[in-house]
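# Observations on chain architecture
So you can see what is in the structure, the chains are spelled out below.
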Amino acid sequence: MNHDLSYILNHLGEEREDGYHAVVPPIVQSGNFTYPTVEAMREAVRYEMTRPLYTRGSNPTVSILRKKLAALEHAEDALVFSSGSAAIAAAVVSFVKAGDHIVCVQRPYNWTKRLLIELLDRFQVTHTFVDGTDAENYRLAIRPNTTLFITESPNSLTFELQDLRAVASIAKEHGIITLCDNSYSGPLFQNPIDMGIDLVAHSATKYLNGHSDVVAGVLAGRSDHIRQVMSKEFMTLGAVPSPHDAWLLMRGLRTLELRMDRSAENAAVIARYLERHAKVKRVHWPGLPTHPQHALAQQQMKRVAGLMTIDLNAPDEASVERFCNGLRRFLMAVSWGGYESLQWPICALKGPDGYLTDLPYTLVRLYIGLEDAQVLIDDLDKALERV
Ligand SMILES: *Cc1c(COP(=O)(O)O)cnc(C)c1O
C-alpha cells in the first residue's frame, strides 16, 4: 500500500491502543516476552520472525520503525541493525557462498571495501572493483560465478554516481542480486528499489537518525530476501539495535523531511559560493551543473543532499591545516547527517608511514547542517583567507 509521507512519519505502525493510547510509542525495553500457556508460547516460537519472543529477533518498538523504513524505501520489508556496516555485511554475506564473485563500485565506503578484501577473501569469495560511472563496466566484470553487484550512488567522499537503472538491468539479465548503499540520499531523495535494485542499505547513523547520537543501520527489500537475511545473518551475527536506539531513530524520522530539505538547500547555496572562490579548485557535489554526472543526478535523484568535498587551491599541507583549524562552525569530526556542520580533512589520514589513502591532501569533506547558510559562508570565507 502507498502511504503519504506524513502518514508514514507520524502514524504508520503505531498501534496506539497497544501503548496506553500514548501519542509517542513506548520504549519496550524488555529482552523477552511471556505467554500464559504452552499453546501461546508454541505459536510465538513458530512466528519468531514476526512476533515478540526475544528482542534479538523481534521487539515491538523496533517493529514500528521497520514498518516506517520499509514504506519510506518503497520496499516490502526492512530490518534495523546496530550499525550501517552490520546491515551491509549481513546483506552481502547472505547472497554469496564460497567460490562466488562480487562486482563492487570502486571507492565504496571504507568498511564495505574491507569486508570484501579482508573478510570475504578468507572464505573464497572474490571481488572486482569497477569504475561505476559507466554501467557497462559492471557487465564487463561479470564472471560465471558472479552473484552480487554492490553500488553506492553517489559514494560519500568523491561523489561518483552509478546509473542505477542500467546496473540493475544488467544484473537482471544475468540473475545477479543488486545492493545499493543509499546512505547519501536517504529514502526521500532517491529510491533505488523503484529503479530495479533489489536491496537498499543505509547507515541510519546519518540522515535517518539525524542527531549524531545513535549508530544504526537499515536493510530494505523484498519480503523473501529480508526473511532470508533475518533468519540467517541477522539472527546468528546478532547485530541488533536496542529498543531505545530504535525509539531515538523514530524520533529522528519525525523531522526527516524538514532536515533533509534544509541541509540540501544550504548545500546548494554553499556549493555555489565555494565554486566561485579563488582558493577552491573544485567542488565535488552532484548538484552543481559543472559536476560531470549532473545530468544523471537530475534523472535518478530527487534532490542532492548536504555532503560535499572541496579541493583547495593550496600550495602545501600547512595551508590546508590552517584552513581546517580556522573553521569555527564546522566541527572537525567523522560521520555526517546530523544537525551540525562538520569537516573531515583528508590530510588527517596521515599515519607515521605516510598517507592511508591515494586521495590528495587538498581535499576536505564538508557536511552542511541545519545552521543559517550565511553564518556558514562567513565562517568559510574567513578560513579560506588562511589558505
Ligand atoms: C557511515 C556510512 C556507512 C557505515 O555506517 P555505520 O552506521 O557507521 O556503520 C556506510 N556507508 C556510508 C555511505 C556511510 O556514510
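Residues numbered from 1 in each chain as written. Predicted model: local features only at pLDDT ≥ 70, side-chain atom pairs only at ≥ 80, totals over all residues. Heavy atoms only, no water.

## Thoughts on the sheet that holds strand 14 (residues 363–367)
Read across the sheet, 5 strands follow the order 8-9-14-11-10 without closing on themselves; strand pairing throughout is mixed. Only two strands of the sheet have a single neighbouring strand rather than two, namely strand 8 (280–284) and strand 10 (331–332). Judged from the 4 bridges that link them, strand 8 and strand 9 (residues 307–312) form a sheet pairing that is antiparallel. Bridge assignment links V283 to a residue of strand 9, and that residue is I310. (Pairing = 2+ DSSP bridges. Helix = DSSP H or I, 4+ residues; strand = E, 2+ residues; numbered from the N terminus.)

## Remarks on helix 4 (residues 84–94)
The element helix 4 is extensively covered by neighbouring structure, given that 9 of its 11 residues are classed as buried. Looking at helix 4, one finds that the buried residues are G84, A86, A87, I88, A89, A90, A91, V92 and S94. Where helix 4 starts, the residue carrying a side-chain oxygen 3.4 Å from the main-chain nitrogen of S85 turns out to be S83. (Buried < 20%, exposed > 50% of the residue type's maximum accessible area, 1.4 Å probe, protein only. Polar contact = N/O pair within 3.5 Å; in protein donor to acceptor, adjacent residues only side chain to side chain.)

## Thoughts on the pattern of salt bridges
Opposite charge on two side chains makes pairing possible when the charged atoms of those side chains draw close. With the rule as written, the count across this model stands at 14 salt bridges. Residues R42 and E39 are paired through a salt bridge, measuring 3.1 Å at the closest nitrogen-oxygen approach. Taken together, the residues R42 and E39, both in helix 2 (residues 38–46) and 3 residues apart, mark about one turn of the helix. Looking at R42, the relative accessible area reads 53%, which means it is exposed. Taking the relative accessible area as the measure of exposure, E39 reaches 48% and is therefore partly exposed. In this structure, K350 and E317 form a salt bridge, with 3.1 Å as the shortest nitrogen-oxygen distance. Linking K350 in strand 12 (residues 350–351) with E317 in helix 13 (residues 317–326), this pair joins segments that are 33 residues apart in sequence. Because the salt bridges share partners, they merge into one network encompassing E14, R16, K68 and R254. (Salt bridge = Lys/Arg side-chain N within 4 Å of Asp/Glu carboxyl O.)

## Focus on the sheet that holds strand 4 (residues 146–151)
Read across the open sheet, the 7 strands follow the order 1-7-6-5-4-2-3; overall the sheet is mixed. Each of the sheet's edge strands pairs with one partner strand only, and the pair in question is strand 1 (77–81) and strand 3 (126–130). Pairs of neighbouring strands in the sheet enclose a mean axial angle of 20°, with direction left out of account. When strand 6 (residues 199–203) meets strand 7 (residues 217–221), the two strands line up antiparallel, connected through 4 bridges. Its bridge partner lying in strand 7, S203 is registered against G217. Seen against the sheet, helix 4 touches strand 1, strand 2 (101–105), strand 4, strand 5 (177–181), strand 6 and strand 7 and runs at an angle of roughly 35° to strand 7. Its contacts with the sheet put helix 7 (residues 164–173) on strand 4 and strand 5, and the angle it makes with strand 4 is roughly 175°. (Axes fitted to C-alpha atoms, helices over the stretch in contact; angles between N-to-C directions. Contact = heavy atoms within 4.5 Å.)

## Considering unusual backbone geometry
Negative phi values dominate among residues other than glycine, just as trans dominates among peptide bonds. Cis geometry is found at the peptide bond from S153 to P154, where omega equals -10°. Residue position: P154 is located in the loop between strand 4 and helix 7. If you check the backbone angles, F159 has positive phi at about 60° while not being a glycine. Accessibility expressed as a relative area gives 0% for F159, which makes it buried. The residue S212 is not glycine, and still its phi comes out positive at about 55°. Inspection of the secondary structure puts S212 in the loop between strand 6 and strand 7.

## What to know about the site of the ligand
The ligand sits among 15 residues. The nearest are S85, D181, S203, T205 and K206. Within the contact set of the ligand, an oxygen atom lies 2.8 Å away from a backbone nitrogen or oxygen of S85. Within the side chain of K206, an N or O atom sits 2.7 Å from an oxygen atom of the ligand. Relative to its unbound accessible surface of 380 Å², the ligand loses 91% to contact with the protein. The dominant element in the shell around the ligand, judged by the number of residues it contributes, is helix 4, at 3 residues. Partitioning the shell around the ligand into residue classes produces 5 nonpolar, 7 polar and 3 charged. (Near = heavy atom within 4 Å. Areas by Shrake-Rupley, 256 points an atom, 1.4 Å probe, with all protein chains shown as cover. Nonpolar A, V, L, I, M, F, W, Y, C, P; charged D, E, K, R; others polar.)

## As for the domain arrangement of the protein chain
Entries for the protein chain in the domain assignment read domain 1 (5–254) and domain 2 (256–384). Domain 1 and domain 2 are separated by 27 Å when their C-alpha centres are compared. Contacts between the two partners involve 35 residues from domain 1 and, on the opposite side, 36 residues from domain 2. Both sides of the domain 1 and domain 2 interface together cover about 3100 Å² of buried area, and 61% of this is carbon and sulfur. At the junction of domain 1 and domain 2, the tally comes to 0 salt bridges. Viewed at the interface, domain 2 and domain 1 are joined by 20 residue pairs in polar contact (both at pLDDT 80 or more). (Domains from an automatic or database assignment. Buried area = accessible area lost by both parts, 1.4 Å probe.)

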